[in-house]
Each structure stands twice: as C-alpha cells, then as structure tokens.
Amino acid sequence: MTDTTYTPPKVWTWDKANGGRFANINRPIAGPTHDRELPRGKHPLQLYSLATPNGVKVGVMLEELLALGHSGAEYDAWLIRINDGDQFGSGFVGVNPNSKIPALLDCSGPEPVRVFESGAILLYLAEKFDAFVPTEPARRAECLSWLFWQMGSAPYLGGGFGHFYAYAPTKIEYAINRFAMEAKRQMDVLNRRLAESRYIAGDEYTIADIAIWPWYGGMVLGQLYDAAEFLQVQDYTHLVRWANEIAARPAVKRGRMVNRASGPLDQQLHERHDASDFDTRTQDKLQAES
C-alpha cells in the first residue's frame, strides 16, 4: 500500500496542480476565464454539452421527445470541450454559472430561458412537453424520488469511484475501497428495485430511467472506467437486463452520439442541427470527405 500520509495545514491554499486527468481545468474559483460568446442555431432549443454521462441524459431526452412527435423539441447541439476549458467562456458561464455541462437555452419564448444541471433540464423538458414524467401524484413522486436519487448518488460513482480508480495520479487503496463499496451498494439498490418493476419508477419509461441509465447502465455495460470486471457487474442481473433494454431504444442510440468526441468515429456527432446529421455528419463521414 502506498504511503499517503498527509497532515492538512491550518489553512488550505491552492499552490499547485492536483494531478490527474482533469488537473488543467480544476480551480477553486468560479466565473469566466475568457470572453467567448456561445453560438446559436435555428431551433427553439440550444444544447451546449459533451457526451459524458451527464451530457448524454439531455441528448437522449431530446431524441426521445422528437421520437414521440414533439416538433418543438428540435434542437441545435454544440460541442463544449471541457478539457479545453470551453465551459469557462463568458457565454457558457452566462447560461450556467456553475461551468458544468450540460446547459440548455430555450429560445421558444419572447426571452430565452436558461436551464442548467442535468436533472433540472430533464424535468424542465418533461413538464414543457408533458412527457416522460407521470402526472398521478404517487407515480410522479416515485419518478422524482429516483431522479433525485441519481443526482445525489452519481457523484460517488463518478467523482468518487471513477476518479480514484481511473483518473487519480496515485492509486490509493483506501479511497478505491471506500468508493467501490458505495458503487456496489448503489448498483444493488437499483438491482433490487428492477427485480420488482420493468423500469426504475414502475411500468413506465420516465426521466428517472433517462437520468440513471448513462451512469449505471453505462457501468454494467462496460462503458465506464474499464471497471466492469473489478466491480463484478454481471452479478446485478436485473440491472443488466434493464440497461440492455434501454440501450436498444433508437432514441437512446442517437442521443449517445450527440456531442460525442471520443470512441468510434461513426458514433461521434460533434454538432447536431438536423435529424439527417446522424446519417451524414458523423466524424467518419466528415473525415472521409476531407
């Protein structure tokens, strides 16, 4: 075990990079670092994002709404490269003062409405289009309980387990064990729930599924942190069943491609401005043209 003995000073100061994959963009202050206006397209909704698990939620939601026939959900999706610090541009900070993706601008009314935080965006869109959130009080409460469960739980999976297992510059046994235990507990929570119902909130597909799938579906399908074997995800049979069912939905397949900047080129759609872009503007096709 690596010696990680550390005695905190009386007052913490930011005097060196913390190391790890995201060290170049981590800082203890908010606000913009540079002036940069955000682009706007022709559609009512403007999405500024990257296809991380949090970003995927909104791409999937918009594609699901369009699949239901909600033409008002047409959108332009703009790539925000967080490793390059795009989220600290003045325009992005104006839409999300927390400088995190995804961020949404609804330009369908007389004045643009900004919405930030992925859970808030999902709920905003669900209520705007009256879709993917139940109206009956008990079923709505169940859906929102699981939506907010994801908001509170996923930081332990991503910022906790994912960071220390995959990204931290030093492998710390205590930290990995601590968050692996919590990640497995969370997957057991979902597995037990999905033994009782087809979807997370019951028999209906809802924003609870859309919120939870990119994180926990991604984990059990081997898409996060190269940790499926380490966490023995195959033991969570009901969670795996649900994850595969959601992954097979056409709108989910499209939503995963939106603002994706890694992985197979035919799955990367850096910007989305029209439904035809999935067939004509993926990176494999653009590179073939150049």
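Check the entry above for the structure.
Residues numbered from 1 in each chain as written. Predicted model: local features only at pLDDT ≥ 70, side-chain atom pairs only at ≥ 80, totals over all residues. Heavy atoms only, no water.

**Q** I'm lost on the overall build of the protein chain in this one. Help?
**A** Each helix and strand in the protein chain was counted, giving 11 helices and 4 strands. Taking 2.2 N^0.38 as the reference for a compact globule, 290 residues should give roughly 19 Å; the C-alpha atoms of the protein chain span a radius of gyration of 20 Å, in line with that estimate. Looking at the protein chain alone, contacts between residues at least 24 apart form 65% of all its contacts between residues at least 6 apart. (Helix = DSSP H or I, 4+ residues; strand = E, 2+ residues; numbered from the N terminus. Rg over C-alpha atoms; globule rule 2.2 N^0.38 Å. Contact = heavy atoms within 4.5 Å.)

**Q** Sorry, what's going on with the pairing of strand E2 (residues 75–79) here?
**A** If a strand is regular, its side chains alternate between the two faces of the sheet. Across the 5 residues that make up E2, a large majority, 5, are buried. Here E2 shows no split at all, with Tyr 75, Ala 77 and Leu 79 on one side and Asp 76 and Trp 78 on the other all buried. Pairing between strand E1 (residues 45–49) and E2: 5 bridges, direction parallel. By the bridge assignment for E2, Tyr 48 is matched with Trp 78. In this fold, the crossover linking E1 to E2 by way of helix H1 (residues 53–67) has right-handed handedness. (Buried < 20%, exposed > 50% of the residue type's maximum accessible area, 1.4 Å probe, protein only. Pairing = 2+ DSSP bridges. Right-handed = clockwise from strand over helix to strand, strands pointing away.)

**Q** Would you mind going over the packing of helix H4 (residues 137–167) against helix H5 (residues 173–194) with me for this structure?
**A** Two numbers describe a pair of packed helices, the interaxial angle and the distance between the axes. Two numbers describe how H4 lies on H5: the axes approach to 9 Å, and their chain directions differ by 150°. Judged on the interaxial angle alone, H5 and H4 are roughly antiparallel. Handedness of the crossing formed by H4 with H5: left-handed. Each of Glu 142, Trp 146, Trp 149, Ser 153, Tyr 156, Leu 157, Gly 160, Phe 161, Phe 164 and Tyr 165 in H4 lies in contact with H5, whose residues at this interface are Ala 175, Ile 176, Arg 178, Phe 179, Ala 180, Glu 182, Ala 183, Gln 186, Val 189, Leu 190 and Arg 193. Its residues assigned to classes, the contact of H4 with H5 shows 14 nonpolar, 3 polar and 4 charged. (Axes fitted to C-alpha atoms, helices over the stretch in contact; angles between N-to-C directions. Parallel < 35°, antiparallel > 145°, perpendicular 65-115°, else oblique. Left-handed = near helix turned anticlockwise from the far one by under 90°. Nonpolar A, V, L, I, M, F, W, Y, C, P; charged D, E, K, R; others polar.)

**Q** How should the nonpolar core be read in this particular structure?
**A** When a protein is soluble and globular, its nonpolar side chains tend to lie buried together. Counting 68 residues, the largest nonpolar core has Leu 125, Phe 161, Ile 207, Met 219 and Trp 242 as the members making the most contacts within it. Looking at which element gives the most residues to this core, the answer is helix H6 (residues 207–220), with 10 residues. In this structure, Ile 207 is in contact with Met 61, Leu 122, Leu 123, Ala 126, Phe 132, Val 133, Cys 143 and Leu 147, ignoring residues within four places of it in sequence. Core analysis: the next-biggest nonpolar cluster, separate from the first, contains 11 residues, Leu 50, Phe 92, Ile 101 and Ala 103 among them. (Core = buried A, V, L, I, M, F, W, Y, C linked by side-chain atoms within 4.5 Å.)

**Q** I tried to follow the pattern of salt bridges on my own but got confused; where do I start?
**A** By the definition in use, this model includes 16 salt bridges. The shortest N-O distance in the salt bridge between Asp 86 and Arg 36 comes to 3.1 Å. Taken as a pair, Asp 86 in the loop between E2 and helix H2 (90–95) and Arg 36 in the segment before E1 lie far apart in primary sequence, 50 residues in all. The exposure class assigned to Arg 36 is partly exposed, which follows from its relative accessible area of 44%. Across the pair Arg 139 and Glu 136 runs a salt bridge whose closest N-O atoms are separated by 3.7 Å. (Salt bridge = Lys/Arg side-chain N within 4 Å of Asp/Glu carboxyl O.)

**Q** Got a minute to help me understand the packing of H1 against helix H9 (residues 250–257) in this structure?
**A** The N-to-C vectors of H1 and H9 enclose an angle of 135°; their axes lie 7 Å apart at closest approach. The angle between the axes of H1 and H9 places the two elements in the oblique class. In this structure, the crossing between H1 and H9 has a hand that is right-handed. Here H1 contributes Val 56, Gly 59, Val 60, Glu 63, Glu 64 and Ala 67 to the contact with H9, which in turn contributes Ala 251, Val 252, Arg 254, Gly 255 and Arg 256. In terms of residue class, the contact of H1 with H9 is built from 5 nonpolar, 2 polar and 4 charged.

**Q** How should I be thinking about the sheet that holds E1 in this particular structure?
**A** Where strands meet in a sheet, backbone hydrogen bonds hold them as pairs that are either parallel or antiparallel. Spatially, the 4 strands line up as an open sheet ordered E2-E1-E3-E4, and their pairing is mixed. In this open sheet, the two strands that pair with only one neighbour each are E2 and strand E4 (113–116). Ignoring strand direction, the axes of neighbouring strands in this sheet form an average angle of 20°. Sitting on the sheet, H1 is in contact with E1 and E2, with an inclination near 150° to E1. Packing against the sheet, helix H3 (residues 118–129) makes contact with E1, strand E3 (103–106) and E4, and its axis sits at approximately 130° to E4.

**Q** I'm lost on the side chain of Asn 96 in this one. Help?
**A** One can find Asn 96 in the loop between H2 and E3. Exposure remark for Asn 96: the relative accessible area of 0% places this residue in the buried category. Of note is the side chain of Asn 96, whose polar atom sits 2.7 Å from the backbone oxygen of Lys 100. Apart from residues no more than four positions distant in its own chain, Asn 96 is found in contact with Pro 102, Ala 103 and Phe 116. (Polar contact = N/O pair within 3.5 Å; in protein donor to acceptor, adjacent residues only side chain to side chain.)

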